[in-house]
Amino acid sequence: MVFSETIIKNKANGTSEARVMKSYIKMLKDIIDKKSLKLLIIIIFFLVFAGVVDPIITWIYKLIIDCIGDFANIRWNMIIWIVIAYEVFQCILQSINYIKDHLLLKISYKLNRNILVTIHNKVKNIAIEKLEKQDTYDLLERINTNVTDDAISALMTVFQVFTSVIAILLYCFMLSDLQIYFPVIILIGTLPSIVTKKQKSKERFYLAKILFANERRKNYFLNVIFQRECVKDVKLLRLENYFLSKAASNNDKILAENTRVSYKYLLYETLANVVRFGVFGVCVYITCGLVIQHEKGLGSIMLAVNTFQLFTQEVENLTNLLKEIYNMNWLMEEWEEFKTLKEKVWGNKKITDYNIEFKNVIYKYPNAQINSLDGVSVKIREGEKVLIVGENGSGKSTFVNLLMGMYSVEKGEIKIGGVHIDDISKASMNKIICVFQNFIKYSGSVKENITLGDSDIEINESIVQALGLQTLVKDNIELGQLEELGSELSGGQWQKLAICRAAVRNSSILIMDEPTASLDPKSENKLYEELAKICSDKTLLLISHRLSACKVCDRILTFSQGKVIENGTFEELMKLKGKFYDLYSAQREYYE
């Protein structure tokens, strides 16, 4: 579908502004605390006051011109008092602006923090199945990228509407003093500009939403050139031009569509400005006639010129503010969609043991053609050490993902401690810990990488010693790129740090996905021996293509095409001479 057709479709699917505004009010209740509310009331007062003072200053300026325009009857005393009043109001206006800007900065930081907390509290409860969908990912990225600044900007916009409305009313009063119909014809003259800007803004908003994926791709291809983990490949393989061309391709598409919208409204905007300034010329001409006929003072011409400019400026400001409110409506639509994302529902039953049972479990990923797990039935006793092997795509990772409650079982049943997994409390499920193959390398100190902000965790010296991390933990060096003196570790050191991160936590089941992928065979054998000691009192599940772990495991599960095709001890499977026998035989020379 072409962009213009997509925009038309989106317009047809638009939600009512009233409903979205209700969503905005709900959002404000989420992010505004009592202290912020008091601050907002003070800000409203200053904004309203600023809206009154500015037109008064314009009127005082008119009075000064009137006084000096009548050369025959110049009243110096009055001029002095008017000038003093002019200076006082100017000082008041400047002071108001300084205070207002300070308060706006203060409230923006408060609301920014509250919004971020609200977003993260929601994200941490969203079901993994939902997070892995592309439309959810795009929505979350838009929310994370835009909502904080846009929500605060929208709130400030609502307050600034008060200022603009008050200023417009006062300017209407001053214009009506010249001719009663001046405010009406000026409003009519600015109407085409208002309508044009609103339509252009609406189309640009839809366009930005449609082009968001292109913007994301462009930023990715630009950023990858400078990312620390990519710089070696980029330099050695001379990939700069490749990534730049990818970024340029997406940028050209964004530019072309935005240029199309600009050209589309160029004529309309030009005609709207001709009408607006034509009306202005007529008003000035009529005012000049009144002054020549001595019906108005000389200051009336200055008042007409200044008031028209300020009036049209305030009308344009109000139009832009209303445009922002319109955009805010669509922002709130996204916020409403974000708030209604499906959350993971946990049970309320605590479990006393962690015996695992899969009963004829079937699972297929969305849009997949075949089952990732196809009738898996297996039992694992609490405290048992189990090696899970199989080729890529055989169902190993899906097995542990279902065990951790990341996905909902479609058919079959999973029980832990005799309780259905959907009925188990989050606190009990939190005792299932996994070290993923693609673990995260966080920037921060070594100890921060282990505890990750959990103050209840004590770094067990025996675990640190078993993993050979004594020196790293003692020195507690900074890792990553956040600090100037940040260091990098070898792949093996990072892997041990990730294992330590999981081992020091209070767990009953510890799952490790390829825990020795970055280690040499000698270090691998030693690590498995130490892991067996560390996990002596808990269930240990090891997923690995490297089979030295079989020496420390009580049992081995062999997966193939979503099924457990072999289940037994090392000796039993070697005698069976099936899939595991073939896998082990291919690696035998490294372990014997």
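This text gives an overview of the structure that appears in the document.

So, how was this worked out
Residues numbered from 1 in each chain as written. Predicted model: local features only at pLDDT ≥ 70, side-chain atom pairs only at ≥ 80, totals over all residues. Heavy atoms only, no water. Salt bridge = Lys/Arg side-chain N within 4 Å of Asp/Glu carboxyl O. Helix = DSSP H or I, 4+ residues; strand = E, 2+ residues; numbered from the N terminus. Buried < 20%, exposed > 50% of the residue type's maximum accessible area, 1.4 Å probe, protein only. Disulfide = S-S within 2.5 Å. Core = buried A, V, L, I, M, F, W, Y, C linked by side-chain atoms within 4.5 Å. Contact = heavy atoms within 4.5 Å. Expected span 1.5 Å × (residues − 1). Pairing = 2+ DSSP bridges. Axes fitted to C-alpha atoms, helices over the stretch in contact; angles between N-to-C directions.

## Considering the pattern of salt bridges
No. 1: Under the criterion given, the structure shown has twelve salt bridges.
No. 2: Here Arg260 makes a salt bridge to Glu257, at a shortest N to O gap of 3.1 Å. Taken as a pair, Arg260 and Glu257 lie in helix α10 (residues 240-292) at a separation of three residues, close to a single helical turn.
No. 3: Assessed through its relative accessible area of 14%, Glu257 is described here as buried.

## Topic: the state of the cysteines
No. 1: One pass over the full model with this rule turns up zero disulfides.
No. 2: Not engaged in a disulfide, the cysteine Cys553 finds its nearest cysteine sulfur in Cys550; these two sulfurs lie 7.6 Å apart.
No. 3: When its relative accessible area of 12% is taken as the criterion, Cys553 is described as buried.

## Focus on the nonpolar core
No. 1: Residues Leu387, Leu467, Leu469, Leu497, Cys500, Leu542 and Phe580 are the most contacted members of the largest nonpolar core, which totals 44 residues.
No. 2: In terms of residues, this core owes the most to one element, helix α17 (residues 491-503), which gives seven residues.
No. 3: Grouped together as the second largest cluster of nonpolar side chains are 33 residues, Leu39, Leu47, Leu140 and Leu341 included.

## Focus on unusual backbone geometry
No. 1: In the Ramachandran plot, Asn476 falls in the positive-phi region, its phi being about 50 degrees despite a non-glycine side chain.
No. 2: Mapped onto the secondary structure, Asn476 falls in the loop between α16 (470-475) and β8 (478-479).
No. 3: Accessibility expressed as a relative area gives 27% for Asn476, which makes it partly exposed.

## A word on the side chain of Asn114
No. 1: One can find Asn114 in helix α4 (residues 76-123).
No. 2: Residue Asn114 is classed as buried on the basis of its relative accessible area, which comes to 14%.
No. 3: Here Asn114 is in contact with Ile31, Asp33 and Ser36, once residues within four sequence places are set aside.

## Some details on helix α8 (residues 212-224)
The periodicity of an α-helix, 3.6 residues per turn, causes residues three or four places apart in sequence to face the same way.
No. 1: With 13 residues, α8 extends 18 Å between its outermost C-alpha atoms, agreeing within 8% with the 18 Å of an ideal straight helix rising 1.5 Å per residue.
No. 2: By the burial criterion, the buried members of α8 are Phe212, Ala213, Asn214, Arg216, Lys218, Phe221 and Val224.

## Regarding the sheet that holds strand β9 (residues 509-513)
No. 1: Pairing is mixed across the open sheet formed by six strands, whose spatial order is β6-β9-β10-β3-β11-β12. Both edges of this open sheet fall to β6 (432-435) and β12 (563-568), since each of them pairs with a single strand only. Taken pair by pair, the neighbouring strands of this sheet meet at an average axis angle of 20 degrees, ignoring direction.
No. 2: Pairing geometry for strand β3 (residues 385-390) and strand β10 (residues 539-543), over four bridges, is parallel. Following the sheet pairing, Lys385 is matched in β10 by Leu540.
No. 3: Packing of helix α12 (residues 396-403) onto the sheet brings it into contact with β3, β6, β9, β10 and β11 (555-560), and relative to β3 it is tilted by some 140 degrees.
No. 4: Of the strands in this sheet, β6 and β9 are in contact with α17, which crosses β6 at around 175 degrees.

By themselves, these are just geometric observations and shouldn't be taken as functional.
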